[in-house]
Amino acid sequence: MTGHDVVFLLVALTTAGAGIMTVTSKNLVHAALFLALTLTGSAAVFLVLAADFVALAQLLVNVGAVAVLFLFGLMLTRAPIGREALDGQHRGLAIGVSGGLFVLLSVLIIGAFGGEGVREVTGPGVNEIGIALFAQWVLPFEVLSMLLLAALIGAIVLARRSPGESGTEAEPTHIELSGDPSTEAERRPELTAGGER
Amino acid sequence: MFLAQSALGVPDIAWSSFAPELVPTTAALVLLLLGVAGRRRMAVAAPVGLAAVALGVWLITIELNLPGAVAVVLGVALPALVVAFPRTPSLVQAWGAGLALAGALVLTLWQYTAVLAPVGEGPMLVQNALQGSIANDGIALFTRLTVYVTALLVIPMGYGYLRQRRIYRSEFEPLLLLATVGMAALGTANDLITIFIALEVFTLSLYILAGWARRDRRSEEAGLKYFVTSAIASAVLLYGMALVYVATGTVDLPAIGLTIGLVTTPRSVAAIGLALITVGVAFKVSLAPFHLWTPDVYQGAPTNITAFMAAATKAAGFAVILRLYLVAFPTLEALWVPVLSVLAAITMLYGAYLAIVQRDLKRILAYSSITHAGYATIGVVANSADGLSATLWYLLTYAIGTAAAFGALIALERRRQGEVTFADLRGLGREAPDLAAVLALSMLSLAGIPATAGFVGKLMVFRAGIDAGLTWLVVIGVVSSVVAAFFYLRIAGVMFLEEPTGERGRPQVSTGLSVTVSVSAVLVIYLGIQPQLFLDLASNAAALVR
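Residues numbered from 1 in each chain as written. Chains lettered and ligands numbered in written order. Predicted model: local features only at pLDDT ≥ 70, side-chain atom pairs only at ≥ 80, totals over all residues. Heavy atoms only, no water.

1. Side note on the confidence of the model for chain A
All names here are of chain A. Summarising the model, chain A shows a mean pLDDT of 77, and 74% of its residues fall at 70 or more. Across chain A, helix H1 (residues 3–24) holds the top mean pLDDT of 90, while helix H7 (residues 184–187) sits lowest at 46. Across residues 166–197, where pLDDT falls below 50, the model places 17 contacts with residues more than four positions away in sequence or in other chains. (pLDDT = per-residue confidence, 0-100. Helix = DSSP H or I, 4+ residues; strand = E, 2+ residues; numbered from the N terminus. Contact = heavy atoms within 4.5 Å.)

2. Observations regarding empty space enclosed by the protein
All names here are of chain B. On inspection of all chains with the given rule, the structure shows 4 cavities of 30 Å³ or more. Here the second largest cavity is characterised by a volume of approximately 60 Å³. Lining of the second largest cavity is provided by His-372, Tyr-394, Thr-397, Tyr-398, Ser-445, Leu-446, Gly-448, Gly-454 and Lys-458. Those elements giving two or more residues to the lining of the second largest cavity turn out to be helix H15 (385–416), helix H18 (433–447) and helix H19 (453–467). Counting residues per element, the lining of the second largest cavity draws most heavily on H15, at 3 residues. (1 Å grid on protein atoms, 1.4 Å probe; cavity = no way out; pocket = protein on both sides within 12 Å on 5 of 7 lines; lining within 4 Å. Points joined across faces, edges and corners; volume = space filled by probe spheres on them.)

3. Topic: helix H2 (residues 41–61) of chain B
In an α-helix, one turn spans 3.6 residues; hence positions three or four apart end up facing the same way. With 21 residues, H2(B) extends 30 Å between its outermost C-alpha atoms, agreeing within 8% with the 30 Å of an ideal straight helix rising 1.5 Å per residue. Where H2(B) is buried, its residues meet helix H1 (19–37), helix H3 (65–84) and helix H4 (89–116) of chain B. (Expected span 1.5 Å × (residues − 1).)

4. Overview of the packing of helix H6 (residues 138–159) of chain A against helix H6 (residues 172–188) of chain B
Between H6(A) and H6(B), the least distance of the axes is 10 Å, while the angle of their chain directions is 150°. One way to sum up the angle between H6(A) and H6(B) is to call them roughly antiparallel. Relative to H6(B), H6(A) is oriented so that their crossing is left-handed. Along its contact with H6(A), which presents Met146(A), Leu149(A), Ala150(A) and Ile153(A), the element H6(B) presents Pro174(B), Leu175(B), Leu178(B) and Val181(B). Taken together, the residues of the contact of H6(A) with H6(B) break down into 8 nonpolar, no polar and no charged. (Axes fitted to C-alpha atoms, helices over the stretch in contact; angles between N-to-C directions. Parallel < 35°, antiparallel > 145°, perpendicular 65-115°, else oblique. Left-handed = near helix turned anticlockwise from the far one by under 90°. Nonpolar A, V, L, I, M, F, W, Y, C, P; charged D, E, K, R; others polar.)

5. Focus on the interface of chain B and chain A
At the junction of the two partners, chain B supplies 31 residues and chain A supplies 26 residues. Around 2500 Å² of area is buried between chain B and chain A when both sides are counted, 74% of it from carbon and sulfur atoms. Contact with chain A buries area across many residues of chain B, yet Arg169(B), Arg214(B) and Arg215(B) alone supply 22% of it, more than any other trio. In this structure, the connection of chain B to chain A is made through 0 salt bridges. The interface formed by chain B and chain A includes 2 residue pairs in polar contact (both at pLDDT 80 or more). Considering each element in turn, the side of chain B that touches chain A owes the most residues, 9 residues, to helix H7 (residues 192–210) of chain B. For the side of chain B that touches chain A, the per-class residue count stands at 19 nonpolar, 6 polar and 6 charged. (Buried area = accessible area lost by both parts, 1.4 Å probe. Salt bridge = Lys/Arg side-chain N within 4 Å of Asp/Glu carboxyl O. Polar contact = N/O pair within 3.5 Å; in protein donor to acceptor, adjacent residues only side chain to side chain.)

6. Some details on the pattern of salt bridges
All names here are of chain B. Applying the stated criterion across every chain yields a total of 9 salt bridges over all chains. For Glu-21, the salt bridge is made with Arg-144, and the minimal N-O distance between the two is 2.7 Å. Of this pair, Glu-21 sits in helix H1 while Arg-144 is found in helix H5 (residues 138–164), placing the two residues 123 residues apart along the sequence. The pair Glu-21 / Arg-144 is uniform in exposure class, with both members buried. In this structure, the salt-bridge partner of Lys-225 is Asp-296, at a minimum N-O distance of 2.6 Å. Taken as a pair, Lys-225 in helix H8 (residues 217–248) and Asp-296 in helix H11 (residues 293–300) lie far apart in primary sequence, 71 residues in all. (Buried < 20%, exposed > 50% of the residue type's maximum accessible area, 1.4 Å probe, protein only.)

7. Observations regarding the side chain of Glu173(B)
Residue and element names in this part refer to chain B. The topology assignment puts Glu-173 in helix H6. Of the buried charged residues, Glu-173 lacks a salt bridge, with Arg-163 as the closest side chain of opposite charge at 9.3 Å. One polar contact links Glu-173 to Tyr-168, side chain to side chain, over a distance of 2.8 Å. In this structure, Glu-173 is in contact with Leu-31, Gln-93, Ala-94, Ala-97, Ile-155 and Tyr-168, ignoring residues within four places of it in sequence. (Lys, Arg positive; Asp, Glu negative; His and termini not counted.)

Rendered as structure tokens:
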């Protein structure tokens with residue numbers, strides 16, 4: 001067992017553990033953080049295998065964007081966070097599906113690459129990819145910035161209220177929670193009823 | 001056009017190859033800044049204008065007179081607009097966007113005359129730039145013309161409409177400009193990656209624009225529906241592109257065209273990729289049976305956006321279809337020609353049939369746009385130089401006719417403050433003869449009646465189809481045209497032959513609307529009676545970067 005193998009084993013075990021914690025954690029924020037750890041771990045696996053570009057892309061896209069997006073989504077949508085927020089109604093089904101997927105992928109991967117040993121990665125490194133990005137693919141890269149700009153403007157348009165648009169015309173959202181009055185006015189009628197208490 | 005490369009492999013950039021797109025892109029950024037600046041607009045306008053003038057002067061000193069003049073004019077116009085409309089920033093935005101699009105149009109023509117114009121007889125020259133990402137050829141030229149003209153017509157058309165519905169926001173023009181740039185870029189894109197990204201730029205902008213009237217449920221539905229269906233179509237398209245890349249090992253369209261016919265290329269993988277790509281692009285231009293999103297989205301979106309979507313999206317979508325099938329897949333002709341022919345036949349018949357039973361004019365025009373996608377496809381499956389120029393020309397005439405029709409519809413919708421049905425058209429010929437005349441003219445053009453632009457377009461497409469031996473498809477096209485003529489002429493008939501019912505007030509026509517509607521009506525007649533200039537341009541345009 002070489003040092004390389006030991007490092008790989010440690011990283012892989014951490015990743016797998018974090019993955020299990022992601023699905024067993026009862027707290028949504030904890031689950032999201034464990035997800036970030038899992039994704040970081042898989043980036044580290046790529047790094048150990050000397051695929052540095054894939055590792056960095058994984059880190060940037062999945063950890064930097066997706067996991068952070070999860071956390072922001074949790075904060076902004078006022079999703080139920082805290083203990084016991086996650087229910088386990090579909091646990092059996094989820095175990096069945098993910099177990100089946102695991103077996104299927106294992107069989108496929110072992111069947112396809114089982115006999116081969118570890119080989120040197122011969123793909124282009126970050127340097128070459130970077131140069132290609134800004135020389136060969138400079139136009140799509142620049143057009144991509146327009147795509148992001150359009151997405152940004154679109155998000156602002158969808159999210160922002162304009163001055164004339166007070167929101168009063170919209171129906172207040174009713175959330176049916178065992179008959180609880182859900183709007184502020186219903187919950188605290190004394191606020192709207194004036195001083196007639 | 002490969003210029004000397006420096007040591008790092010960073011290429012020199014052929015600016016002329018995408019000069020027209022630079023103007024609206026810059027304008028979108030500047031207009032966004034103006035919107036943010038609020039009352040201190042001058043603090044943005046003055047330095048930007050100064051920079052543009054300086055750039056223009058520098059361009060003139062290096063003998064690029066026309067681009068220099070465009071930069072100078074736009075640079076002077078920006079602060080002038082801010083001074084001229086101190087209380088209505090929305091007018092600054094609209095004028096700024098309009099001028100930028102006019103500049104883009106001028107640069108498109110400059111690019112044609114300076115770089116691409118044919119020497120003597122024969123097709124135009126082509127320019128392959130930026131390591132094959134950009135191909136400036138006939139498709140690029142006509143897509144630019146169509147898209148920029150449409151956007152130029154749509155901006156003044158919708159100005160008053162948006163204000164009346166109280167849905168105007170300063171982000172409108174920048175988003176519209178970005179969508180336009182995406183479409184124009186799609187017309188020039190010559191590799192799969194650039195195609196996909198350009199496609200996403202304009203569809204992403206259109207998702208937002210379709211859902212622009214957020215408090216209108218239908219508009220919300222339109223935005224969401226367009227987003228969901230279009231995103232799925234994009235995913236399918238991307239999957240097809242990936243498979244084509246797997247089969248050929250390249251994303252460059254001409255290289256794919258060379259590789260895909262070789263014996264070493266796995267034919268089944270390429271064929272599945274081609275099938276997925278066909279589904280994806282058929283969604284984008286709404287060929288039946290992938291058209292189901294179209295009527296709802298067209299009906300729900302604000303009418304000026306619908307006009308833009310109907311006219312310009314069609315042109316951009318067909319640009320990518322033409323380029324993919326004629327440049328990348330000509331050797332798989334035996335696979336895609338029958339499939340696309342059947343799709344075209346279904347589209348023409350189904351669209352015309354469903355248009356008859358509609359009451360809402362926007363839905364009628366939506367189904368009409370589906371039908372027209374079928375006609376344009378005839379030119380694609382003809383798979384010839386004639387077919388190419390016929391389709392390009394057809395898309396231009398269709399765009400102008402549709403813009404005129406939706407313009408007239410906007411005036412009616414503003415009176416009614418709601419959907420427009422046949423009852424609203426009754427007796428319009430007496431109440432507002434000018435508006436009725438424009439609407440009738442656009443209907444005649446869409447129906448393909450002689451002496452309008454639509455007739456010449458249809459004639460060319462059908463002739464290309466017959467020359468390619470697709471007589472059955474052309475027969476179906478003619479049948480569909482006759483059916484379609486029924487509902488187009490019924491609209492005209494209701495306006496002129498029936499009595500008005502009750503007092504409804506005059507349709508509201510703002511200056512911008514009347515100017516754009518008149519311009520498109522004049523264009524419809526001009527292209528119908530004197531098509532020669534543009535027909536020559538179209539037949540010159542049958543040149544591709546292969």
